[in-house]
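Reading the structure
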Amino acid sequence: MDPLNFPDTLTVLRPTGTDAYGNGGTNYAGAAEHTEKCFEVVQGTMLLLPPSADVRKGDRYRLGDDTYAGEPALIRSPSAAKLWQIPIDRVED
């Protein structure tokens, strides 16, 4: 039994290609998308995701009509990964 409930769903936006300056992996116009279960702890400021979630540095997150950026941090106990914690800030699309 999973001890945490992840009642919300977000869309992970993974950048592809290059941006206008030639930086690889930074173009969100054609971002690859997939969904993940999450818990929005404080609306627009903090997300928690299960340890199995496919999130990476540089991803953006869409919740409803808003898009956010944030650096995922894996929270661990001495024996296992417990969950992803992502402090988020709203970004313009």
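Residues numbered from 1 in each chain as written. Predicted model: local features only at pLDDT ≥ 70, side-chain atom pairs only at ≥ 80, totals over all residues. Heavy atoms only, no water.

With that settled, the discussion passes to the pairing of strand E6 (residues 73-76). The pairing of E6 with strand E7 (residues 81-91) spans 4 bridges and is antiparallel. In the strand pairing of E7, Arg76 is matched with Ala81. Linking two consecutive strands that pair antiparallel, namely E6 and E7, is a turn of 4 residues. (Pairing = 2+ DSSP bridges. Helix = DSSP H or I, 4+ residues; strand = E, 2+ residues; numbered from the N terminus.)

The grouping of Phe39, Val41 and Val42 at the surface amounts to a nonpolar patch, some 220 Å² of accessible area in total. Tracing the backbone through its elements, the reader meets Phe39 in strand E2 (residues 24-42). (Patch = residues over 30% accessible without salt bridge, like charges linked within 9 Å, V, L, I, M, F, W, Y side chains within 5 Å. Areas by Shrake-Rupley, 256 points an atom, 1.4 Å probe, with all protein chains shown as cover. Salt bridge = Lys/Arg side-chain N within 4 Å of Asp/Glu carboxyl O.)

Once that is clear, we can look at the pattern of salt bridges. By the definition in use, this model includes 5 salt bridges. The salt bridge partner of Glu33 is Arg62, with a shortest N-O separation of 3.7 Å. Of this pair, Glu33 sits in strand E2 while Arg62 sits in strand E4 (residues 60-63), placing them 29 residues apart in sequence. Measuring nitrogen to oxygen at the nearest pair gives 3.0 Å for the salt bridge that ties Arg90 to Asp66. Linking Arg90 in strand E7 with Asp66 in strand E5 (residues 66-70), this pair joins segments that are 24 residues apart in sequence. Take Arg90: its relative accessible area is 47%, and that puts it in the partly exposed class. Its relative accessible area of 26% is what places Asp66 among the partly exposed residues. Each member of the salt-bridge network shares a partner with another, and the members are Arg14, Asp54 and Asp59. (Buried < 20%, exposed > 50% of the residue type's maximum accessible area, 1.4 Å probe, protein only.)

Before going further, it helps to examine the packing of aromatic side chains. Under the counting rule described, the total for this entry stands at 0 aromatic pairs. The positively charged end of Arg60 is found above the aromatic ring belonging to Tyr28, 3.9 Å away from the centroid. (Phe/Tyr/Trp six-rings, centres within 6.5 Å; stacked < 30°, edge-to-face > 60°. Lys NZ or Arg CZ within 6 Å of the ring centre and 35° of its normal.)

The next thing to look at is the environment of Gln43. For Gln43, the location among the structural elements is in the loop between E2 and strand E3 (46-49). For Gln43 and Ile88, which are 45 residues apart along the polypeptide, the C-alpha to C-alpha distance reads 9.6 Å.

Here E4 runs beside E5; their pairing, made up of 4 bridges, is antiparallel. Note on E5: the bridge partner recorded for Arg60 is Ala69. Linking E4 back to E5 in an antiparallel pair, the connection comprises 2 residues, with Gly64 at a positive phi of about 65°. Across 4 bridges, the pairing between E5 and E7 is antiparallel. Bridge pairing in E7 links Tyr68 to Arg90.

Remember, this is a structural readout, not a statement about activity or role.
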